[in-house]
Amino acid sequence: MQVAFKTHKQNNLNNTYHTNKGHNMKKLLLTVLLASSALVASAKDITFAMEPSYPPFESTNEKGEIIGFDVDIANAICKEIQATCHFKGQAFDSLISGLKFKHFDASISAIDITEARAKQVSFSESYYDSSASFIAVKGKADLTTAKKVGVQNGTTFQQYVVAEAKQYQPVPYASLQSAILDLKNGRIDVIFGDTAVLVDMLQKEDSLGFVGDKVTNKKYFGNGLGIAVNKANKELLSELNKGLAAIKASGEYQKIYDKWMTK
């Protein structure tokens, strides 16, 4: 009977083989884990804050979801820059302070780009050209007889009435929808706000109509609407501008505009 003995050299070779094999498996596993981590890290989550009672820019549907022009614009931009959008409701007059204290990443809420606001936050390129208008109950008031003007609190429209239209008494509301009943009941004479928002309101209110001409004033509105971010977040601002330029070039922006602004 012959007995096979492994030489010392053969044992070393086998040990080396198993050691290398184990080492290679560990390297492969580490590579997979690192790749997975990189993939997760590259997936950006961006939380946008907005005041969701300002159609057609933003409103809440029957499911409690925030929808509107601004939501679709943000989602289209996020798709371009491979990010995931999240939306949260916030009072309009707390959007700028919320960004300064980093309570959310960005705000897209029909915010007019103004010099005063640009000192506190950074703005993307304009994504919508804005103007302002007055509405009143048909046949009940005009701008020469009006005294009390309903405005949304914290907006440039409120600031404009206070500083530039001192013949009127501004009456602030949390949302313009809250001002409609007071307008119909004669507690205020006119409402002053973004033209596109007022157009949307008039589609649902046959008794109301525009009075006077559109108002543009570069100090308050007319510079367009922008996405606001914390001044320190230059990388996010650059990404948002890149995505905005892409959806304008591809025609996606026009599709969203036609959906919400040409009803």
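Structure first, text after, so check above.
Keep in mind that this is a model prediction, so the values were computed, not measured.

Colleague: Hey, could you go over the sheet that holds strand 6 (residues 122-123) for me, with residue numbers and the actual values?
Modeller: Across the sheet, which stays open at both edges, the five strands sit in the order 4-1-5-12-6 with mixed pairing between neighbours. The open sheet terminates on both sides in strands that have one partner only, identified here as strand 4 (83-89) and strand 6. Summarising the sheet, strand 1 (residues 44-50) and strand 4 pair through seven bridges and their orientation is parallel. Of the residues in strand 4, the one forming a bridge with Asp45 is Thr84. Strand contacts of helix 2 (residues 69-80): strand 1 and strand 4, with the helix running at about 155 degrees to strand 4, the strand carrying the most contacts.

Colleague: Help me get a handle on helix 6 (residues 177-184), residues and values and all.
Modeller: Side chains that are three or four residues apart share a direction in an α-helix, a result of its 3.6 residues per turn. Considered for burial, the residues of helix 6 that qualify are Ala179, Ile180, Asp182 and Leu183. Next to the buried residues of helix 6 lie strand 7 (132-137), strand 9 (169-173), strand 10 (190-194), helix 7 (195-202) and strand 11 (208-215). Phi turns positive, to about 85 degrees, at Gly186, one or two residues after helix 6.

Colleague: Run through the packing of helix 2 against helix 8 (residues 234-250), naming residues and quoting values.
Modeller: Where helix 2 meets helix 8, the closest approach of the two axes is 8 Å, and the angle between their N-to-C directions is 105 degrees. One element, helix 2, and the other, helix 8, form an angle in the roughly perpendicular class. Residues Ile73, Ala76, Ile77 and Glu80 of helix 2 touch helix 8, and the partners they reach there are Leu240, Gly243, Leu244, Ala246 and Ile247. The residue inventory of the contact of helix 2 with helix 8, partitioned by class, reads seven nonpolar, one polar and one charged.

Colleague: If you had to explain helix 9 (residues 252-261) to someone new, which residues and values would you point to?
Modeller: Listed in full, the buried residues belonging to helix 9 are Tyr253, Ile256, Trp260 and Met261. The arc enclosing the buried residues of helix 9, seen along the axis, measures out at 95 degrees, which places them on a common side. Elements that come into contact with the buried residues of helix 9 comprise strand 3 (66-67), helix 2, helix 7 and helix 8.

Colleague: Explain the nonpolar core residue by residue, including any values.
Modeller: By size, the foremost hydrophobic cluster in this structure holds 67 residues, and its most contacted members are Phe48, Phe57, Phe69, Ile191 and Phe192. Broken down by element, this core gets its largest block of residues, seven residues, from helix 2. In terms of domain composition, this core takes at least three residues from each of domain 1 (44-130 + 223-262) and domain 2 (132-215). Among residues more than four places away in sequence, those in contact with Ile191 are Ser133, Phe134, Ile135, Gly150, Leu176, Ala179, Ile180, Leu183, Leu198 and Met201. By size, the runner-up hydrophobic cluster in this structure holds 11 residues, among which are Leu99, Phe104, Ile113 and Val121.

Colleague: Go over the packing of aromatic side chains with me, naming the residues and quoting the values.
Modeller: Under the defined criterion, the tally for this structure stands at 19 aromatic pairs. Considering the side-chain rings of Phe57 and Tyr128, the 5.2 Å spacing of their centres and the 85 degrees angle between planes classify their relative orientation as edge-to-face. Here Phe57 is found in the loop between strand 1 and strand 2 (59-60), whereas its partner Tyr128 is found in the loop between strand 6 and strand 7, with 71 residues between them in sequence. Tyr128 shares its class with Phe57; the two are buried. Ring centres of Tyr253 and Tyr257 lie 6.4 Å apart, and the angle between their planes is 25 degrees; on these two criteria the pair is classed as stacked.

Colleague: Account for the pattern of salt bridges, naming residues and giving values.
Modeller: Across all of its chains, the model carries six salt bridges by this definition. For the salt bridge of Lys204 with Asp200, the shortest nitrogen-to-oxygen distance reads 2.5 Å. Among the residues examined, Asp200 registers a relative accessible area of 5% and is labelled buried. Here the salt bridges share partners, and the residues they tie into one network are Lys44, Glu239 and Lys242.

Colleague: With reference to specific residues and values, describe the pairing of strand 10.
Modeller: Along strand 10, five of the five residues are buried, which leaves the element largely enclosed by surrounding structure. Pairing between strand 7 and strand 10: four bridges, direction antiparallel. Residue pairing for strand 10: Ser133 is matched across the bridge by Gly193. Where strand 8 (residues 148-152) lies against strand 10, two bridges are found, and the strand directions are parallel. Within strand 10, the residue paired with Val149 across the bridge is Val190.

Colleague: Got a sec to walk through unusual backbone geometry? Specific residues and values, please.
Modeller: A cis amide bond, omega 10 degrees, links Pro55 with the succeeding residue Pro56. Examined against the element boundaries, Pro56 turns out to sit in the loop between strand 1 and strand 2. In this model, Lys102 sits at a positive phi of 60 degrees, which is unusual for a non-glycine residue. The residue Lys102 is located in the loop between helix 3 (95-100) and strand 5 (106-107) in this model. A positive phi angle is found at Ala110, which is not glycine, with a value near 50 degrees. Relative to the helices and strands, Ala110 resides in the loop between strand 5 and helix 4 (115-118). Judged by its relative accessible area of 6%, Ala110 is buried.

Cut-offs applied
Residues numbered from 1 in each chain as written. Predicted model: local features only at pLDDT ≥ 70, side-chain atom pairs only at ≥ 80, totals over all residues. Heavy atoms only, no water. Pairing = 2+ DSSP bridges. Helix = DSSP H or I, 4+ residues; strand = E, 2+ residues; numbered from the N terminus. Contact = heavy atoms within 4.5 Å. Axes fitted to C-alpha atoms, helices over the stretch in contact; angles between N-to-C directions. Buried < 20%, exposed > 50% of the residue type's maximum accessible area, 1.4 Å probe, protein only. Parallel < 35°, antiparallel > 145°, perpendicular 65-115°, else oblique. Nonpolar A, V, L, I, M, F, W, Y, C, P; charged D, E, K, R; others polar. Arc of directions from axis to C-beta. Core = buried A, V, L, I, M, F, W, Y, C linked by side-chain atoms within 4.5 Å. Domains from an automatic or database assignment. Phe/Tyr/Trp six-rings, centres within 6.5 Å; stacked < 30°, edge-to-face > 60°. Salt bridge = Lys/Arg side-chain N within 4 Å of Asp/Glu carboxyl O.

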